[in-house]
Amino acid sequence: MRFSEVIGHEDLKKHLAEMMQSNRLAHALLFLGKEGSGALPLAIAFAQYVVCEKVNSKSQQSPAPSLFGDEPREPSKTEVLFDSCGQCASCIKANQLVHPDIHFSYPTIKKTSKSDEKPISTDFIVQWRDFIKKEPYNNASDWVEFIKVHPHERIDNPVNKKGNITAEECNDIIRKISLKSFESKYKVLLLWMPELMTALGQGNKLLKIIEEPPPDTLFILVAENEDLILPTIVSRCQLIKIPALETKDIEEALISR
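Anyway, here's the lowdown on the structure attached to this text.

Scoring rules and cut-offs
Throughout this description, residue numbers start from 1 for each chain and increase along the sequence as written. Per-residue local features of the predicted model are confined to residues with pLDDT of at least 70, and side-chain atom pairs are confined, for both listing and counting, to 80 or more; whole-chain, interface and lining totals are unaffected and use all residues. To obtain the side-chain values, all non-hydrogen atoms of the structure were used and water was disregarded. The way it works is that DSSP assigns letters per residue, a run of H or I at least four long becomes a helix, a run of E at least two long becomes a strand, and they are numbered from the N terminus. Note on exposure labels: buried denotes an accessible area under 20% of the residue type's maximum, exposed denotes more than 50%, and partly exposed covers the range between, all computed with a 1.4 Å probe on protein chains only. Any pair of residues with heavy atoms lying within 4.5 Å of one another is described as a contacting pair. Accessible areas in this description were obtained via Shrake-Rupley with a 1.4 Å probe; residue shielding takes into account the shown protein chains only. Should DSSP find at least two bridges between two strands, the strands are taken to pair. Helix axes use the C-alpha atoms of the stretch in contact, all axes being lines fitted to C-alpha atoms, and the angles between their N-to-C directions lie in the range 0 to 180 degrees. Only buried Ala, Val, Leu, Ile, Met, Phe, Trp, Tyr and Cys residues count toward a nonpolar core, and they belong to the same one when joined by side-chain atoms within 4.5 Å.

### Quick look at the overall build of the chain
Inference 1: When helices and strands are tallied, the chain shows 10 helices and 5 strands.
Inference 2: Taken across its 257 residues, the chain has 53% of its residues classed as buried.
Inference 3: Within the chain, contacts between residues separated by at least 24 positions form 79% of all contacts whose residues are at least 6 apart in sequence.
Inference 4: Within the structure as shown, the chain displays about 12,300 Å² of accessible surface, and the carbon and sulfur contribution to it stands at 51%.

Structure representation (structure tokens):
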């Protein structure tokens, strides 16, 4: 997904591009926006922007060698690419949600009442790709309903009907982030709805790796309610507030689509 496919937020898109190109990104970002604001598609588009080969080729022409932590610099307006190219191999894979260095984490449900069942996001990756392609502006409840009726694996009587992010999922996040990147210079972990970590211990599992991630790793947390997120996680993130969409942008999107 490119920035151009995300409804509205033109100034914010440019701001995100400039933050990356001028080395002003933290290792962890918190995209905070109410339901319907488009925080999730914006975060997905930014993840594609981060791994885009053309964007990174442009960045490497500067003396700053890293996405994070170096001396901030001011790129010229002609130097900044404000969107991913959409044509390189990385963009094609990212657009299909199959890029090996962009990892997704989201609420899951137990399919059965078996006590040893420990669902993780990867178990629902087919459903996730279809959900993002069809309904990226929907909420977490819509996502759970989407899982239940998906033709890949219909679930008639799930145990945790609201969905949550489990301790097993947090362990899997740590495992994924500990791997070396496969193709891109950077690894991205996009965590949707961190407020659905249902126990304090689950959030605590991620604190250290969010604070001290492996080199060239970017966490993007996408949330609707800051008050429900562990404060120690919020304090480790660079806050990106996503405002409500302007009415004119919604009208234009409805007409054009």
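After that view, the rundown keeps rolling.
### A word on the sheet that holds strand β1 (residues 28–32)
Inference 1: A sheet is described by the order of its strands in space; here 5 strands give the open sequence β2-β3-β4-β1-β5, paired in parallel fashion. Since the sheet does not close on itself, it has two edges, and those belong to β2 (102–105) and β5 (238–241), each with one partner. Mean inter-strand twist for the sheet, computed between neighbouring axes without regard to direction, equals 20°.
Inference 2: Two strands pair when backbone bridges link them, and strand β3 (residues 187–192) and strand β4 (residues 217–223) are joined in this way by 6 bridges, in the parallel orientation. Among the inter-strand pairings, V188 is bridged to a residue of β4, identified as L218.
Inference 3: Packing against the sheet, helix α1 (residues 10–21) makes contact with β1 and β5, and its axis sits at approximately 160° to β5.

### Topic: the nonpolar core
Inference 1: In this structure, F31, F46, W143, W192 and I220 are the most contacted members of the largest nonpolar core, which totals 54 residues.
Inference 2: Sorting elements by how many residues they give to this core places helix α2 (residues 39–51) first, with 11 residues.
Inference 3: Discounting chain neighbours no more than four positions away, the residues touching I220 are L29, F31, A43, F46, A47, V188, L189, L190 and L191.

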